[in-house]
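Chains, contacts and geometry: an overview
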Amino acid sequence: MDSFLHTINGIPVLGIVFQFVEYFLNALPFMSRVAVELAVPICLAALCGVMCERSGVVNIGLEGIMLTAAFTGWFAEAVITGIMGPGTPTPVFGLTVPLVLALLAAIIAGMLLSLLHAWLSISVRADQIIAGAIINIAAFGMTGYLNTLLATVSLPVTSNFTALTIPSAVSNIPLVGWLIDALFGQGPIGILMVIIVVVFQIFLFRSRWGLRTRAVGEHPRAAETVGIDVIRTRYRNVVLSGALAALGGAYLSIEATNGFQAGMTQGRGFIGLAAMIVGRWTPLGAFGAALLFAASQAISQTISISPPTGELGTLLDHVPTQFFDALPYLITIVVLAGLIGRSIAPAADGRPYQRESAS
Amino acid sequence: MSQAIARLPRPRALLRYLWSLIAVPLVSFFLALLVGAIVIILSSTLVLKNPFDPTLPLTAYQALAQGAFGSFNSVVTTLVITTPLLLAGLGVGIGFRAGLFNIGAQGQFLMGAVGAVAVAANMQSSPPAIAIPAALAGGALAGAAWGFVPGLLKATSGAHEVVTTIMMNYIALASLAWIVKGPLKEMGSNPPTTPDVGAAALPILIGSTGHLGILLAFAAVPIAWFLLFRTTRGFEIRAVGANPDAARYAGVNPRLMIVLTMSIAGMLAGLAGACTILGISHRMNTTFQTKVGFDSITVALLGRSNPIGIMFAALLFGAMRAGAPPMQINAGIPVELVDFIQALILLFLIANAVLRRLLRLRGVAGAEQTGFQTITRSYGRETLT
Amino acid sequence: MRGITKRYPGVVANDHIDLDLRQGEIHALLGENGAGKTTLMNILYGLAVPDEGEILVDGQAVRIAGPSDAIARGIEMVHQHFMLIPVLSVAENVVLGEETMANPVFLDRREASRRIRKLAGRFGFELDPDAKVESLSVGQQQRVEILKTLYRDAQILVLDEPTAVLTPAETEEIFVLLRNLAKDGRSIIFISHKLNEVLEIADRITVIRRGRVVGERRPAETDDKELAELMVGRSVQLTVDRGESHPTEVMLKVEDLHVRDDRGNEVVRGVDVEIRRGEILGIAGVAGNGQDEFVEALVGLRRVASGRVWLNGRNVTGASPRQINEANVGYVPADRHRFGLILAFPLTDNLVLTSYYKPPFAHGLVRDGRAILAAARQRVREYDVRTPSTEVAAQTLSGGNQQKLIVSREFGGDTTLLVLDQPTRGLDVGSIEFIHKRIIEKRDAGTAVLLVSAELDEVLELSDRIAVMYRGKLVAFVDGRQADKNQVGLLMATGGATDETHEATGTST
């Protein structure tokens, strides 16, 4: 067997392919975990997009909502810790009172920002893309401003949510165990995301709320003629969706790390938007697409943490590291361009609704 | 005599027309300053636990104005900062006219700078008369290429330019880092830096920093205006933006116009980047960054996608960006306040229906038609066949 | 409804209208486009708020602030443009708003299907509750709309132009259904501008003109001539004098043309036709049989899948809109807001929309504003477009004036071929007459005219020859002067005796 491997490794191209497969399989348990972790904020952003756009409101302000929530979560935790002390974290998830309150604050901040987007998009009937852009710019400005201000202040050290430890007896089972470890070996926000994906998927297609949401996003006038309040439905969805993006933002600053940096969302909101499109405006699809984007990042991370040896390693040394930095964005573009024709948006997506009597 | 009387109301009508054009942007600007003032006071007292100081915003804005207009040098600085904003803003504005929302000015700017420095590095020994145009052209081309790609993707697959241009921005960042550390790295430089632009450096015309690019940017204003409103190509661009189906019916190829417009927008942003590197920094390192991307969007919206309006908006923003560092130094207010104010201006602008009601302004027919009501289109639904 | 008044900026859509509806009757509301019928019904249904007047149900004054109020009073409406969501199933469309629930959160889809089958059965038709609405024929969609109202147990049904998109045969089926409903004790308001249908179905007829009630009649006491006079306000000539035609050489020749729609389905399936200079060829057909795609392929807006198009002996298959336009082809598109005009642009730009790039309107790349203005002023005068100036945006004009704008642009010059898709849809009688007259003039000047219209009457009145389009084919040609309305109607519905693929599903039994 060894001699066989040795022989095929001797063939230049084929050898590298085999080396890659071997390396990939060895790294898979670690990589899949990293991929899921990286997918959490992207997926939550995508879910926010699905909820908005299914009701007919385009929201490109995801990035800004996430950034604001990330800042609010971290800042609120620091402030509350300063007032009432850090408290003892629970053994599972590392929950503390400041941490939980901070999460709530982040969600509220996200929903308030969404409310602004809803007002601009639904009531003012402004261009929804520009409304979203405003939210992004405002979020960058406001969080950057406060972050710079706070650099001069000494704040208490904050903690973050910790991941659930899956017993190694389970996590060592090939495939199934890795899968369980990847999906549930996470902090509370990560696990919540997995649950939300499933629940949202069922609700969207089986519940009254889901049916009405889809009706309003496809043909608002038809929905209104059967007595559905289009405006209220859209408001409710957009505001509620803010909580999802906020979870994604909070994940960055109080679960994955314990701190805030200016612009720390790094385009995840926009990648989430792409994941929503690629996932055809369904929660499960969005999750799958988010995983795809995250996987490309996970591969590059894995390579930089434990670089492969042999010819594969030599080959990868010649690939600039920046290529891997750019990879998720490249993949987003390629997938978007390749899939878009077959992925059809809700018919009334982005079109403000005006009641006839108002004219 | 009677003729003179008959003509009298005309200047007044003209004034009213002008007022109807600028009232909303102007009021938006002052409202934004007002909200900014509240933020300054609140953040100072609540976050920094400073004593309540209602004059702090005045101090801040005064430092801002001082930094922008306080001296001959500060005016020159304002003009220098206005230059890339104006060029990129014109690009974004032309995009708006074609119904395209180009958030990619950032990446196009960076690639334009890369293109310019790449050409300049290889033309060290040429006379400036050749090196300068060549380096500018290199920047314009690189920016155009960075705009061409999202344009092509939209025209062929319908991929929304908002998402693709943002992705292109991140790819530009990675590319820039690679180029500075790799192909264009000057031997022995640490941290890695490109060579000096040498002969391609733009000559200084006024003050200590006022380079040739200023002239270039202001010359672009009438050119862009003429292109949009006096040429058939401009008519085609505007027709595609206002109604792509009718444009097709009129014999215009919307796909072609989308690619063309995105390339022009990229070219202008690329020129902005080229002017910045050739006129100011002269060298590029991996931290070369810009806020022109977002600023140019605000500038284009504030200028109502009209080149002349964009010129005034760019001057305003140039002033704010020029005044922001003195504001941080002298009043302790972080420069990011300017970004926030920017968002507020936009907010009041797009809520202009509400604002107009408050101001009791009646829309002058046609004055409302700025073209940016037509940007939101669903992903991939366009019938561009 | 008592003294209902609704004003919009510039017009009084409803001026003190009284209307009463008795139980179990079919009450027709007759009036031409823009007379205020739809506004009145939108008020009844809560989609518009009246400025004055009140609505009484069973003798009690009620306030209807929104559709849900109307639904609560048993008032249901079938809109002219179907209020159906194409991507949802029949069942989802029917129950939307009053869902059958398994529990407070989730839907009970089985129960919904059961109820729908039962209701449909009771009124004598069949529908698959799980079928997507977009896969249904127009006639079946109409039934889904009526089913929606029955599901809500409507006592008062308003049908706005329900037959506009139906074949004569489908119309008959709907009439049977409506009579069944009336027998069942439900009251029906039937809105139409088609005299013969109103005379056939209604128990009473109320005629409105310019927002006012101008008469109430029983079908037995009146005839189409009197109703037409009431409706239009003067005695009208029901037919245009089209005169003699003198066809000369072949202008347009189409051979075995195949075209696909946006979804990739072949909707034009082998069209062969010739049109000569100096004749009007009318294409009759129920909307959605490939007419729009056929026309769009002719003028270069849609790709030709296979086949040949010859214009004046030149092969123009697959030519661009620009090339077709350069060959002096005028085209009036069916959707004037989508294709014909740039609403946000001034009249001047719209009037040179297809010629902006060539002299005298442009020299090289530079446009000539003065020449454009002069031409615009002349066209506006010649075609009597009512507008304050040529600088206002096209969206400020009324529909009739917008259409005149397009006509003046497309009819100008030496047109060799005119392609007219629904040239008078939604216009007032005055504008229709005006445009019809111009069409005849162009024919007499030696232009070949292709006229597509969903209004069979229009095709019958204007055409020298009539072709019937059915499922992507021209199934029959008849002489325009001898054509019999019923015969053409039958061809539209069935495609002729040779076609045995008669619609089997969803027809009433």
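All figures in this text were calculated on a predicted structure; none of them were measured in a lab.

1. Looking at the domain arrangement of chain B
All names here are of chain B. For chain B, the assigned domains are domain 1 (24-54 + 334-362) and domain 2 (70-331). Together, the buried faces of domain 1 and domain 2 total about 1,400 Å²; carbon and sulfur atoms form 70% of this surface. When the area that domain 1 buries against domain 2 is broken down by residue, the three leading residues are Val335, Val338 and Gln342, summing to 38%. Asp339 is paired through a salt bridge with Lys291; the nearest N and O atoms lie 3.1 Å apart. Inspection of the domain 1/domain 2 interface yields 5 residue pairs in polar contact (both at pLDDT 80 or more). Looking at the side of domain 1 that touches domain 2, the elements that each hand over two or more residues are helix H2 (9-47) and helix H14 (337-350). In terms of residue count, the dominant contributor to the side of domain 1 that touches domain 2 is H14 (8 residues).

2. Quick notes on the interface of chain A and chain B
If you look at the interface, chain A gives 57 residues, while chain B gives 51 residues. With both chains or domains summed, chain A and chain B bury close to 4,400 Å², and 80% of this area falls on carbon and sulfur atoms. Counting across the interface, chain A meets chain B through 0 salt bridges. Every element with two or more residues in the side of chain A that touches chain B is listed here: helix H3 (62-84), helix H4 (97-123), helix H5 (128-150), helix H12 (268-278) and helix H15 (321-339) of chain A. Considering every element that reaches the side of chain A that touches chain B, the biggest residue donor is H5(A), with 17 residues. Residue classes in the side of chain A that touches chain B are distributed as 41 nonpolar, 11 polar and 5 charged.

3. With respect to the layout of surface pockets
Its volume calculated, the second largest pocket comes out at about 1,200 Å³. Forming the boundary of the second largest pocket are 42 residues, of which Gly263(A), Gln266(A), Tyr170(B), Leu173(B) and Gln289(B) lie nearest the centre. Broken down by element, the residue count for the lining of the second largest pocket peaks at 6 residues, all from helix H7 (residues 161-181) of chain B. For the lining of the second largest pocket, the residue count by class is 18 nonpolar, 16 polar and 8 charged.

4. Here's the deal with the state of the cysteines
Per the stated rule, a full pass over the model turns up 0 disulfides over all chains. For the unlinked cysteine Cys48(A), the closest cysteine sulfur is that of Cys52(A), found at 4.6 Å.

5. A short note on the sheet that holds strand S9 (residues 204-209) of chain C
Adjacent strands of a sheet form backbone hydrogen bonds with each other and so pair up, either parallel or antiparallel. Residues and elements named next belong to chain C. Sheet architecture is open: 6 strands sit in the order S6-S7-S8-S3-S9-S10, paired in mixed fashion. At either end of the open sheet lies a strand with only one pairing partner, and these are strand S6 (75-78) and strand S10 (212-217). Across the sheet, the mean angle from the axis of one strand to that of its neighbour is 20°, orientation sign disregarded. In this sheet, strand S8 (residues 187-192) lies alongside strand S7 (residues 156-160) in parallel orientation, the contact comprising 5 bridges. Residue pairing across strands places Leu157 opposite Ile188, the latter belonging to S8. The strands touched by helix H1 (residues 37-44) are strand S3 (26-30), S6, S7, S8 and S9; relative to S8, the strand with the most contacts, the crossing angle is about 150°. In the packing of helix H5 (residues 138-151) onto the sheet, the strands contacted are S6 and S7, and the crossing angle to S6 comes to about 170°.

6. Quick look at the packing of aromatic side chains
Evaluation of the coordinates by the stated rule reveals 19 aromatic pairs over all chains. Taking 4.5 Å as the distance between ring centres and 10° as the angle between the ring planes, the aromatic pair formed by Tyr329(A) and Tyr170(B) counts as stacked. With Tyr329(A) in helix H15 and Tyr170(B) in helix H7, this residue pair bridges two chains. The buried category is assigned to Tyr329(A), whose relative accessible area is 10%. Here Phe235(B) and Tyr356(C) contribute two aromatic rings whose centre-to-centre distance is 4.8 Å and whose plane-to-plane angle is 45°, an arrangement assigned as tilted. On the criterion of chain membership, the pair formed by Phe235(B) in helix H9 (residues 232-242) and Tyr356(C) in the loop between helix H12 (347-351) and strand S17 (362-363) is interchain, its members lying in two chains. Given a relative accessible area of 1%, Phe235(B) falls into the buried group. Grouped by ring-pair contacts, the aromatic residues Phe71(A), Trp74(A), Phe75(A) and Phe260(A) constitute a single cluster. A cation sits over an aromatic face here: Arg438(C) above Tyr383(C), 4.4 Å from the ring centre.

What counts and what doesn't
Residues numbered from 1 in each chain as written. Chains lettered and ligands numbered in written order. Predicted model: local features only at pLDDT ≥ 70, side-chain atom pairs only at ≥ 80, totals over all residues. Heavy atoms only, no water. Domains from an automatic or database assignment. Buried area = accessible area lost by both parts, 1.4 Å probe. Salt bridge = Lys/Arg side-chain N within 4 Å of Asp/Glu carboxyl O. Polar contact = N/O pair within 3.5 Å; in protein donor to acceptor, adjacent residues only side chain to side chain. Helix = DSSP H or I, 4+ residues; strand = E, 2+ residues; numbered from the N terminus. Contact = heavy atoms within 4.5 Å. Nonpolar A, V, L, I, M, F, W, Y, C, P; charged D, E, K, R; others polar. 1 Å grid on protein atoms, 1.4 Å probe; cavity = no way out; pocket = protein on both sides within 12 Å on 5 of 7 lines; lining within 4 Å. Points joined across faces, edges and corners; volume = space filled by probe spheres on them. Disulfide = S-S within 2.5 Å. Pairing = 2+ DSSP bridges. Axes fitted to C-alpha atoms, helices over the stretch in contact; angles between N-to-C directions. Phe/Tyr/Trp six-rings, centres within 6.5 Å; stacked < 30°, edge-to-face > 60°. Buried < 20%, exposed > 50% of the residue type's maximum accessible area, 1.4 Å probe, protein only. Lys NZ or Arg CZ within 6 Å of the ring centre and 35° of its normal.

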